[in-house]
There are 4 protein chains.
Amino acid sequence: MNEGRTGIWFIGARGSVATTATIGIAGLAEGVVRPVGLVTAAAAFDDVPLVGFDDLVVGGHDVDPTPLLERARRLAAGGMIPAATVEAVARRLEAVDAEIRLVPRSPRGSQRREIELRADDIRSFRDRHGLRRVVVIDVASTEPLPADRPEFHDRELLEHALAQEGVELLPSSTLSALAAVGAGSPYVCFTPSISLGIPALHGVAAEARVPIAGQDGKTGETLLRTVLAPMFSSRGMRVLSWAGANLLGGGDGATLADPAAVESKLASKNRGLHDLLGHDVVTPLHIDNVPDLGDVKTAWDHVHAEGFLDTRITLQTTWTAYDSTLAAPLVIDLARLLSLADEAGLSGPIPELGYFFKDPWGSDEHAFARQADELVSWALQTAVRRASAQVA
Amino acid sequence: MNEGRTGIWFIGARGSVATTATIGIAGLAEGVVRPVGLVTAAAAFDDVPLVGFDDLVVGGHDVDPTPLLERARRLAAGGMIPAATVEAVARRLEAVDAEIRLVPRSPRGSQRREIELRADDIRSFRDRHGLRRVVVIDVASTEPLPADRPEFHDRELLEHALAQEGVELLPSSTLSALAAVGAGSPYVCFTPSISLGIPALHGVAAEARVPIAGQDGKTGETLLRTVLAPMFSSRGMRVLSWAGANLLGGGDGATLADPAAVESKLASKNRGLHDLLGHDVVTPLHIDNVPDLGDVKTAWDHVHAEGFLDTRITLQTTWTAYDSTLAAPLVIDLARLLSLADEAGLSGPIPELGYFFKDPWGSDEHAFARQADELVSWALQTAVRRASAQVA
Amino acid sequence: MNEGRTGIWFIGARGSVATTATIGIAGLAEGVVRPVGLVTAAAAFDDVPLVGFDDLVVGGHDVDPTPLLERARRLAAGGMIPAATVEAVARRLEAVDAEIRLVPRSPRGSQRREIELRADDIRSFRDRHGLRRVVVIDVASTEPLPADRPEFHDRELLEHALAQEGVELLPSSTLSALAAVGAGSPYVCFTPSISLGIPALHGVAAEARVPIAGQDGKTGETLLRTVLAPMFSSRGMRVLSWAGANLLGGGDGATLADPAAVESKLASKNRGLHDLLGHDVVTPLHIDNVPDLGDVKTAWDHVHAEGFLDTRITLQTTWTAYDSTLAAPLVIDLARLLSLADEAGLSGPIPELGYFFKDPWGSDEHAFARQADELVSWALQTAVRRASAQVA
Amino acid sequence: MNEGRTGIWFIGARGSVATTATIGIAGLAEGVVRPVGLVTAAAAFDDVPLVGFDDLVVGGHDVDPTPLLERARRLAAGGMIPAATVEAVARRLEAVDAEIRLVPRSPRGSQRREIELRADDIRSFRDRHGLRRVVVIDVASTEPLPADRPEFHDRELLEHALAQEGVELLPSSTLSALAAVGAGSPYVCFTPSISLGIPALHGVAAEARVPIAGQDGKTGETLLRTVLAPMFSSRGMRVLSWAGANLLGGGDGATLADPAAVESKLASKNRGLHDLLGHDVVTPLHIDNVPDLGDVKTAWDHVHAEGFLDTRITLQTTWTAYDSTLAAPLVIDLARLLSLADEAGLSGPIPELGYFFKDPWGSDEHAFARQADELVSWALQTAVRRASAQVA
Ligand SMILES: NC(=O)c1ccc[n+]([C@@H]2O[C@H](COP(=O)([O-])OP(=O)(O)OC[C@H]3O[C@@H](n4cnc5c(N)ncnc54)[C@H](O)[C@@H]3O)[C@@H](O)[C@H]2O)c1
Ligand SMILES: NC(=O)c1ccc[n+]([C@@H]2O[C@H](COP(=O)([O-])OP(=O)(O)OC[C@H]3O[C@@H](n4cnc5c(N)ncnc54)[C@H](O)[C@@H]3O)[C@@H](O)[C@H]2O)c1
Ligand SMILES: NC(=O)c1ccc[n+]([C@@H]2O[C@H](COP(=O)([O-])OP(=O)(O)OC[C@H]3O[C@@H](n4cnc5c(N)ncnc54)[C@H](O)[C@@H]3O)[C@@H](O)[C@H]2O)c1
Ligand SMILES: NC(=O)c1ccc[n+]([C@@H]2O[C@H](COP(=O)([O-])OP(=O)(O)OC[C@H]3O[C@@H](n4cnc5c(N)ncnc54)[C@H](O)[C@@H]3O)[C@@H](O)[C@H]2O)c1
Ligand code: NA
Ligand code: NA
């Protein structure tokens, strides 16, 4: 076991994923929730010293002031979460709510100043609770991808612009990521927003000696795709097209109804497929906001492959699930694993955590089964490394 | 490359799978067919010395006298195979037809005698063509499972009964398998028939120093299941039920319309699922003969899993393919790999060939990605072993 | 509007369908439930004088003593019904519970006596509440079909056997139907059980001058089929096969897991299809009990049709719904429409109510759109007839 | 029977639909094709005097000079049509090819002149073959919808512009429609192009005393929708969303890959749904060009409806078919029915032919079953009317 308690600081702490994860952590700690859907609860991780559910303390940033308990009750009313579970942890949710801060704004200040204000919130959360560390996890609304800029490719230019008052260069996801790194916090990017994907920032986490992992949680359709695509390859079947239709409501549905926001998501979703199958596969993909479906997401995929003697093989899949309950346990897994990585002294992008992401930082491996094997080996090796680190 | 030519002796040589494989081998040899759908054509096998397509010579047993070319043309008419491909290899099909023998019967003789007659056909095929070896592959109609018998558990009792005239103890699949082993031939059981699954016969292949592999080719629905089930496990989602419906026409459809024959198939199809997910998963499964669908098989699966916070996850898959064009390239792969195994001096069941089967002999591994890794490693190791064997 | 209140007497009053219908009636009366899913709430019925929801009084028979409110709460816990709705009508459910009687048994008496005891319960319900009439609706568990008997074809033999003590000739569904008819009550058979399907009993309802309607509610897969099949016919596409797989848990799932019980259901489900498409269509059909699915039913159908120039057309449908919430509003519709029929002096099977059933009594029409037109015309005509009847 | 032969003049005569229809007509005339997929071959039309298949003579316009036989062979190679059927009618296809004209262009002339040139081709086809009439059927590539113009709303302005040299006001579909009307030919618009949908032209067909019918053939997904939507309404289930994904290759796939062209198609496809279900239903819809799928079109629909007690009902449909073999028989039906209408002296849009179209001219009825009843009644009435017309 980890000594000391670990903080989780959610960017987007009142969103669907963060709220669900918070309910889950509270319920796991109270023993009213079973660790179904968690990766790190499997026997394979029995010997890995991961922080216990009751040693996780939650806080975060959001731009929306709706109380967390109200958000949680809305999710229950929508059918995603049993109402009884929400009520069983209501007190804990209120305690977390007191640890959520509105994202600080510095109207006429520089972006460097904004980063500092965000980092201050993280640091004071850590100090207030005497936490060993705080893992920052971005689960905020997907941002539109920013247009390219010379500053994105030149660290000096970038630092200069950040220091300038009134200049809005970096999007919010990047500011939050830099705040995390600045506060010495391990950082997870669970969204497709650009975050640390800006070229000039590729080295910041390693420099700051904090471990990071990303990006864009791999939960539903994309998970399935990276499980299925290697089957076609291994069997020598030539995939010609892989089309997809996603229907979803809820907060994420509304955000992705914006064509600018959806662009980063679509790119992220198709990347693995092309890596696994080659770039001439035809991959039309749509995400539609269907508000009446609420938090239930339905994805239909149609795969066309060529088999032996020019024969047609088709596979259709329909996946239906509450999206946030797929994401929430992974977010908890990531908090535990990043905490371990930090404990073991690792820094920079952790390629073996690619298992959790559509667009893995530091890795080109998308094949799910291979990623799963890599993850388990990594966890065991890191456990050993941490043990030696502590002895030394 | 292997020196010398290798024979393939199909049990069920005029069936849909054997005919398709034969067309494929002929087309590959002539260069009019591309190696799509073959596993051993992948780059991973580039350094493995496998017999070339033009060094494969085909013959076999069947109970049906319909000329092979006629069977091939019927498959083309049914839409499974391009008519042009059949015509391009018509001459080769006629040559193979001349190497197909009706299964020899010895009306009042013993079953030991029947085994000998079958073995004689294999040996004379080998000698007639000066083949280095003959790989025997069972792709005959699925048999009903025989009722259990004391002789099945006691080698001595069994041998005694085999010597008795007029006693019909063993089903045809077992007779053919024993004929193969008796002729010193590597043997593949691609069907769910009992074959060497009789307990008293478990050691015969090892004793005879021939490599064997089985059983029941993993091509469609079962392939998908062993690809998908590990995803649910790895992600901690608890699969509660996995239901399946299979619709098919063609020869196999008609055979499986017989409830006695279908029983062995159904057992074989569900085994992997229970191994991968635990035995309390509810797994209703049906196979229906729908003659109008011809050789196209459609399988629908419905998976219900429990996710985080008691949420419902469902996955439906619909797989549609010409069943025999899925099986045929695997049969060719198996001929090449068993030939390599034999060349390297291996004998008995080869666990690493479990990749190809619903019910792997010598192995409990059903997870497809893991099987794929094992297969490639095994091929490379065996290549090395063969090289040393030849030096020595 | 109907003057006076109308009773509904459910056979199987504590089952899923009856409980859901009772919650619905209570909620409609209280104004906390909207008339979604009801046929008779459409504008087309605006001029038809149907009994109001607040004029319906519910009672019934069951063999299970579990209090109705407990059954209702279980349905809510299973996700089928909002818990808030159940609580909003809890008091009304308790009142109905007081009107539910265990099916009376007369251990050593005759079946005629059993019929009388059941009829007494219905009559005393009517008198206790001063009801204008009581519509009896069978929503009990599906029974196995009884083996044929000479008494089933000869009224005299049958009456004789009914009078005999200790003779168990008729199944429970028939006893309840005869009790209804004996009590002068309109009767609906919503199940596939034999009920009045015994040839010797075909005339009883007409003789007793009570209107009846049946049989086996058409709610999910079968509804879809009778909507889709006429499309293929109208467009000249030749349906070759129509295969179906049904997965369900809940009470009905458990009952239908019994092969004897499922037989009547399967026959009932396929009848319409053959009537609409001709008898050589291949129609494999399965119903599987999958307890983890609870009250959600999923049905997959695969249709194969031949189009112009021998081309293949396939249609797959997947229907997912809470089965009892499909059935319950129809049961309410039927109570209202049978009440109207009775008021207008109609008797015997009402063919135009075939709209509601898999196996319509008195009609061979299965095409849904045509049935819908017939239903509306009938309702208007019956309204006119009732008006004249009342004037006269 | 009709006396005299009837011509069909296809706009887009070398396209997939026209080629398939031409093969079909030839095959029906020769007796090598069965009338599967035709509406007018049903018993319901037995007493309607429709022109015989061997009395149909085909010609048309196209912008592509590829010989018809070559187009037909390509369709056979793509798997849509049996090669044997094409070869059996090869001579007839060559004869039709000789009757296909490139769309005449009048580079610097007026559009009125272009209309005249097109009409001349139709008239000279009629005279050359001594045809009783020529039915013009537009099955050309879908056009982008033109931007609105004042001339579209004022007949005088429009005529003025048409007379002007060098002015390109009307799109090709409208020019062809006006040519048909000008030549006194019944006209069918099978595409979603604007054609006679220009407000100022609404009366032209009635003025010219020719019957017309349109628009946009209702063959696959839309057909299904107008069959299924009335089921939900009749049963009082409230449809909240109806999402659709269409995958197709072939010529139509390539055309619809152009966002401008697809716009008219999408509008046309959703119109019926909103009419049948109300305008607040959420209906995301996509058409993707997936070239590897060739002429096979796959459409997935996901319907979400609210049932009784706020329960969720979902229906998914997957429809797979060769699109042109769905359209071709309808085109033949329409030629026969328009010929009848003309014979009976009808003119202007025929509302009862709305059965064939996504966007019926002269009618708001989209419910398929109702349309089917209307069609049959209309055909019988028109037959009677024609008989009286001939007597008089
Ligand atoms: N299965 C999944 O749910 C899944 C999978 C992969 C990725 N994601 C990503 O996770 C993210 C969250 O998804 P969700 O369903 O919880 O969405 P949501 O809309 O419910 O929640 C997003 C939250 O972020 C807050 N927010 C917006 N801008 C912010 C900012 N600048 N700083 C801080 N907070 C801000 C919003 O107020 C909201 O509370 C999305 O980016 C989504 O793409 C989710
Ligand atoms: N994807 C696949 O096609 C697939 C996958 C796994 C297993 N299999 C198995 O492969 C086998 C062959 O399938 P198929 O589709 O080719 O069937 P098929 O019916 O087309 O062919 C079977 C052939 O075996 C012959 N035969 C029957 N009894 C025999 C006997 N005693 N000895 C020799 N020949 C005999 C028949 O005459 C026929 O020619 C079946 O057992 C099937 O279950 C096929
Ligand atoms: N969509 C639908 O739900 C649907 C559609 C068509 C037909 N049905 C039929 O409706 C019936 C009820 O379905 P359900 O889901 O409510 O089942 P259920 O198992 O929940 O309820 C059946 C009830 O009948 C009671 N019962 C059993 N034997 C009885 C008897 N002899 N007399 C009186 N009561 C008896 C049981 O105790 C139980 O309470 C079934 O026959 C089913 O096939 C349902
Ligand atoms: N099920 C169906 O196939 C279906 C259903 C409804 C509507 N439609 C419509 O039918 C039309 C034809 O479909 P298709 O699959 O045959 O397409 P296609 O691309 O195969 O054929 C279109 C033909 O039109 C020709 N053409 C293009 N512009 C022309 C012009 N200005 N004048 C004359 N000819 C011209 C092209 O050269 C081509 O030969 C499309 O508009 C399509 O939307 C088809
Ligand atoms: Na095994
Ligand atoms: Na009937």
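Residues numbered from 1 in each chain as written. Chains lettered and ligands numbered in written order. Predicted model: local features only at pLDDT ≥ 70, side-chain atom pairs only at ≥ 80, totals over all residues. Heavy atoms only, no water.

Moving on: the domain arrangement of chain A. Residue and element names in this part refer to chain A. Each assigned domain of chain A is listed here: domain 1 (6-217 + 325-391) and domain 2 (221-321). Taken over C-alpha atoms, the centre of domain 1 sits 26 Å from the centre of domain 2. Of the roughly 1,600 Å² buried at the junction of domain 1 and domain 2 (both faces included), carbon and sulfur atoms supply 60%. Looking at the side of domain 1 facing domain 2, the largest losses of area belong to Thr142, Lys358 and His366, adding up to 35% of the total buried there. Run the count over domain 1 and domain 2 and you get 1 salt bridge. Across the domain 1-domain 2 interface, the total number found is 2 residue pairs in polar contact (both at pLDDT 80 or more). (Domains from an automatic or database assignment. Buried area = accessible area lost by both parts, 1.4 Å probe. Salt bridge = Lys/Arg side-chain N within 4 Å of Asp/Glu carboxyl O. Polar contact = N/O pair within 3.5 Å; in protein donor to acceptor, adjacent residues only side chain to side chain.)

Right, let's talk about the sheet that holds strand β3 (residues 100-102) of chain B for a bit. All names here are of chain B. Across the sheet, 7 strands lie side by side as β3-β2-β1-β4-β5-β6-β11; this open sheet has parallel pairing. Each edge of the open sheet is held by one strand with a lone partner, namely β3 and β11 (348-349). The pairing of strand β1 (residues 6-11) with strand β4 (residues 133-138) spans 6 bridges and is classified as parallel. When the bridges of β4 are listed, Trp9 appears paired with Val136. In the packing of helix α5 (residues 111-129) onto the sheet, the strands contacted are β1, β2 (56-62), β3 and β4, and the crossing angle to β2 comes to about 155 degrees. Of the strands in this sheet, β1, β2, β4, β5 (187-189) and β6 (211-214) touch helix α12 (residues 323-343), which is tilted by about 135 degrees from β4. (Pairing = 2+ DSSP bridges. Helix = DSSP H or I, 4+ residues; strand = E, 2+ residues; numbered from the N terminus. Contact = heavy atoms within 4.5 Å. Axes fitted to C-alpha atoms, helices over the stretch in contact; angles between N-to-C directions.)

Laying chain A over chain D is done by rotating through 180 degrees and shifting 0.0 Å along the axis; what remains is an RMSD of 0.0 Å. Accordingly, the operation relating the two chain copies is best matched by a two-fold axis. No C-alpha of chain A lies nearer the rotation axis than that of Ala245 of chain A, which sits 3.4 Å from it. Interface overlap between copies is the fraction of interface residues in one copy that are interface residues in the other; for chain A against chain D it reaches 100%, indicating a shared surface. (Least-squares fit on C-alpha atoms with pLDDT ≥ 70 in both.)

What follows covers the interface of chain A and chain D. Taken residue by residue, the interface counts 22 residues in chain A and 22 residues in chain D. With both chains or domains summed, chain A and chain D bury close to 1,900 Å², and 64% of this area falls on carbon and sulfur atoms. At the junction of chain A with chain D, the criterion picks out 0 salt bridges. On the surface where chain A and chain D come into contact, there are 11 residue pairs in polar contact (both at pLDDT 80 or more). Only β7 (238-248), β8 (285-289), β9 (296-306) and β10 (312-322) of chain A provide two or more residues apiece to the side of chain A that touches chain D. Grouping the constituent residues of the side of chain A that touches chain D by class yields 11 nonpolar, 8 polar and 3 charged. (Nonpolar A, V, L, I, M, F, W, Y, C, P; charged D, E, K, R; others polar.)

For the rest of this paragraph, the subject is the packing of aromatic side chains. Under the defined criterion, the tally for this structure stands at 30 aromatic pairs over all chains. On the numbers, 6.4 Å between centres and 70 degrees between planes, the contact of Phe190 of chain C with Phe357 of chain C is edge-to-face. One end of the pair, Phe190 of chain C, is in the loop between β5 (187-189) and α8 (204-207); the other, Phe357 of chain C, is in the loop between β11 (348-349) and α13 (368-391), and 167 residues separate them in sequence. Given a relative accessible area of 9%, Phe190 of chain C falls into the buried group. Connected via pairs of aromatic rings, a cluster forms that spans Phe190, Tyr355, Phe356, Phe357 and Phe368 of chain A. Just above the ring of Tyr355 of chain B sits the side chain of Arg235 of chain A; from NZ or CZ to the centre is 4.9 Å. (Phe/Tyr/Trp six-rings, centres within 6.5 Å; stacked < 30°, edge-to-face > 60°. Buried < 20%, exposed > 50% of the residue type's maximum accessible area, 1.4 Å probe, protein only. Lys NZ or Arg CZ within 6 Å of the ring centre and 35° of its normal.)

Looking at the sodium ion (ligand 6), the protein donor atoms are Pro360 of chain C (O) and Ser363 of chain C (O), and they sit 2.4 Å from it. You'll find Pro360 of chain C and Ser363 of chain C in the same group, each marked buried. (Donors = N, O, S within 2.8 Å, 3.2 Å for Na, K, Ca; no water.)

All names here are of chain C. Around ligand 3 sit 27 residues, and of these Val17, Asp62, Ala140, Thr142 and Lys265 come closest. The contact in question runs from an oxygen atom of ligand 3 to an N or O atom on the backbone of Ser141, over 3.2 Å. With respect to ligand 3, the backbone of Asp323 contributes an N or O atom lying 3.1 Å from a nitrogen atom. Within the complex, 91% of the 850 Å² of free accessible area of ligand 3 lies under protein. (Near = heavy atom within 4 Å. Areas by Shrake-Rupley, 256 points an atom, 1.4 Å probe, with all protein chains shown as cover.)

Attention now goes to the pattern of salt bridges. Residues and elements named next belong to chain A. Following the criterion strictly, the structure yields 100 salt bridges over all chains and no others. Between Glu159 and Arg155 there is a salt bridge, and its shortest N-O distance comes to 3.4 Å. With Glu159 and Arg155 both in helix α6 (residues 155-163) and 4 residues apart, the pair spans about one turn of that helix. The network of salt bridges with common partners includes Arg132, Arg133, Asp342, Glu343 and Arg386.

Applying the stated rule across the entire model yields 9 cavities of 30 Å³ or more. Space inside the largest cavity adds up to approximately 100 Å³. Elements with a minimum of two residues in the lining of the largest cavity: β10 of chain A, β10 (312-322) of chain B, β10 (312-322) of chain C together with β10 (312-322) of chain D. Looking at side-chain class alone, the lining of the largest cavity contains 4 nonpolar, 10 polar and no charged residues. (1 Å grid on protein atoms, 1.4 Å probe; cavity = no way out; pocket = protein on both sides within 12 Å on 5 of 7 lines; lining within 4 Å. Points joined across faces, edges and corners; volume = space filled by probe spheres on them.)

Bringing the interface of chain A and chain B into the picture now. At the junction of the two partners, chain A supplies 56 residues and chain B supplies 57 residues. For the pair chain A and chain B, the summed buried area comes to about 4,500 Å², and 62% of that belongs to carbon and sulfur atoms. Considering only the side of chain A, the residues that lose the most area to chain B are Arg235, Phe308 and Leu309 of chain A, jointly responsible for 21% of the buried surface there. Put simply, chain A and chain B have 6 salt bridges between them.

The next point concerns the site of ligand 4. All names here are of chain D. As a matter of local geometry, ligand 4 sits amid 29 residues, with Val17, Asp62, Ala140, Thr142 and Lys265 nearest to it. Between ligand 4 and Gly15, the relevant distance is 3.1 Å, taken from an oxygen atom to a main-chain nitrogen or oxygen of the residue. Thr142 places a side-chain nitrogen or oxygen 2.9 Å from an oxygen atom of ligand 4. Burial of ligand 4 by the surrounding chains reaches 91%, relative to a free accessible area of 850 Å². Of all elements in the fold, only α1 (16-30), α10 (250-256) and α12 (323-343) reach the threshold of two or more residues within the shell around ligand 4. Take the shell around ligand 4: its biggest share by element is 3 residues, from α12. Of the residues in the shell around ligand 4, the class split is 9 nonpolar, 11 polar and 9 charged. Shared between two domains, the shell around ligand 4 takes at least three residues from each, and those domains are domain 1 (6-217 + 325-391) and domain 2 (221-322).

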